[in-house]
Amino acid sequence: MRFVMTIYEEARLGLPVSVPIIDAHSHLQSYYLHQWYVSPDSVSPEAYIDCLDRLGFDCVVTGPHDLVLGCMESSNAYAAEISELLDGRVYGYIVISPVAGMKAVKEQIRLYQDNPRFVGFGFLPGYNGQLDEPAYQYAIKVADELRAPVEVHTWYDNPPLREVARLAEENPGAKVICAHQGGGTAELSDRLGAMMREIPNLYVDNVGSLENTYGMEEMVEVFGEDRIVFGTDMVSLDPRFDFGRLALAPLSDDTKRKIFADNFQRLLWGSYMGKINLNGKLTAECSTNS
């Protein structure tokens, strides 16, 4: 009889996990400000591939680090460049910064929305203004029309969860992913979970869960196993932390597989933006329930 290891067993042995994995929240590119020092050794194309291969990640979706400084054009240009160089292993979000002005925002969307390597939008409010900025409001309307995912940063309720939820509520075609388990604490996770039960196109990612007292099994109870998207914040954070919290959690492999890749893939099925090619590894359940 053939022995098949569980995800837990593979991770405990230090093996690349054999189920599909999409890191849907990453920040490739060097960054050296404040506490977010990123070693030059970790931001080469070779370093990205080595990290993905060691952990068994199929690909990452990235909003590069230049966006922290409001540098939208260089961030999108880097995402386009690295996703072409590492074809199939890196995809991009069209990142939006109100700092650049509405004209630049519209030009960036026109430039990249038909590029198949860009699969959604990335907003970094809190760093780059607040969600009521006209640039964000314009971009979410475009995402609504394109039925695309939109990753929205929040941390410790900045911007407020209610505003993130309102984006989803008012733009039902967009799939709004509220980052960082709703902002990094169990209390914020509970608040977001209640909003998600009322808003079907509102999702969450697990990124930065080291700040949250909830384990992954508790997050599944709060958010639902079909509404959590996997990410790691690499290269800002070591991807092994959030990867390990899910891979080693007391959850079924079916639940882990949904979170690792299927849930994000499902968000892309109805989108008019790019798709992620996992070489046929997407589950039949995901493809038939899009």
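Structure: above.
Rules used throughout
Residues numbered from 1 in each chain as written. Predicted model: local features only at pLDDT ≥ 70, side-chain atom pairs only at ≥ 80, totals over all residues. Heavy atoms only, no water. Helix = DSSP H or I, 4+ residues; strand = E, 2+ residues; numbered from the N terminus. Polar contact = N/O pair within 3.5 Å; in protein donor to acceptor, adjacent residues only side chain to side chain. Contact = heavy atoms within 4.5 Å. Buried < 20%, exposed > 50% of the residue type's maximum accessible area, 1.4 Å probe, protein only. Salt bridge = Lys/Arg side-chain N within 4 Å of Asp/Glu carboxyl O. 1 Å grid on protein atoms, 1.4 Å probe; cavity = no way out; pocket = protein on both sides within 12 Å on 5 of 7 lines; lining within 4 Å. Points joined across faces, edges and corners; volume = space filled by probe spheres on them. Arc of directions from axis to C-beta.

Peer 1: What am I meant to see in the side chain of Ser-189 here?
Peer 2: Mapped onto the secondary structure, Ser-189 falls in helix H7 (residues 186-196). Here the side chain of Ser-189 touches Asn-212 through a polar contact of 3.0 Å, side chain to side chain. What Ser-189 contacts, discounting residues up to four positions off in sequence, is Gln-181, Asn-212, Tyr-214, Val-222 and Phe-223.

Peer 1: In this structure, what is going on with the environment of Ala-249? I would like to understand it.
Peer 2: Mapping Ala-249 onto the fold places it in the loop between helix H9 (239-247) and helix H10 (253-269). On the basis of relative accessible area, Ala-249 is assigned to the buried category, the value being 7%.

Peer 1: Got a minute to help me understand the pattern of salt bridges in this structure?
Peer 2: On inspection of all chains with the given rule, the structure shows nine salt bridges. Note that Lys-258 is salt-bridged to Asp-226, the shortest N-O span being 3.0 Å. Separated by 32 residues along the polypeptide, Lys-258 in helix H10 and Asp-226 in the loop between helix H8 (216-223) and strand E8 (228-229) bring together distant segments of the chain. With a relative accessible area of 9%, Lys-258 lands in the buried category.

Peer 1: Would you take a moment to explain H7 for this structure?
Peer 2: Structurally, the α-helix is built with 3.6 residues per turn, so residues lying three or four positions apart point the same way. Among the residues making up H7, those that are buried are Ala-186, Leu-188, Ser-189, Leu-192, Gly-193, Met-195 and Met-196. Contact partners of the buried residues in H7: helix H6 (161-170), strand E6 (175-178), strand E7 (202-205) and H8.

Peer 1: Looking at this structure, how should I read empty space enclosed by the protein?
Peer 2: To find leftover empty space, a probe the size of one water molecule is rolled over the atoms. Overall, the coordinates contain one cavity of 30 Å³ or more when judged by the stated rule. The calculated volume of the largest cavity comes to roughly 80 Å³. As for the largest cavity, its lining consists of His-25, His-27, Gly-63, Leu-67, Val-95, Gly-122, Phe-123, Leu-124, Glu-151, His-153 and His-180.

Peer 1: I keep staring at helix H2 (residues 45-55) and nothing clicks. Help me out?
Peer 2: For H2, the set of buried residues is Ala-47, Tyr-48, Cys-51, Leu-52 and Leu-55. Viewed along the axis of H2, the buried residues span an arc of 130 degrees, placing them on a single side of the element. Residues of H2 that are buried in the fold lie against strand E2 (59-62), helix H3 (72-85) and H9. Where H2 ends, the next residue or the one after it, Gly-56, has phi of about 85 degrees, a positive value.

Peer 1: Would you mind showing me how to read unusual backbone geometry here?
Peer 2: Leave glycine aside and you will find that most residues have negative phi; peptide bonds, for their part, are mostly trans. Of the consecutive residues Asn-158 and Pro-159, the connecting peptide bond is found in the cis state with omega at 0 degrees. Following Met-234, the chain continues into Val-235 via a peptide bond in cis, with omega recorded as 10 degrees. Unusually for a residue other than glycine, Gln-29 sits at a positive phi of about 100 degrees. Positionally, Gln-29 belongs in the loop between strand E1 (22-26) and H2. Despite not being glycine, Arg-147 has its phi angle at roughly 55 degrees, a positive value.

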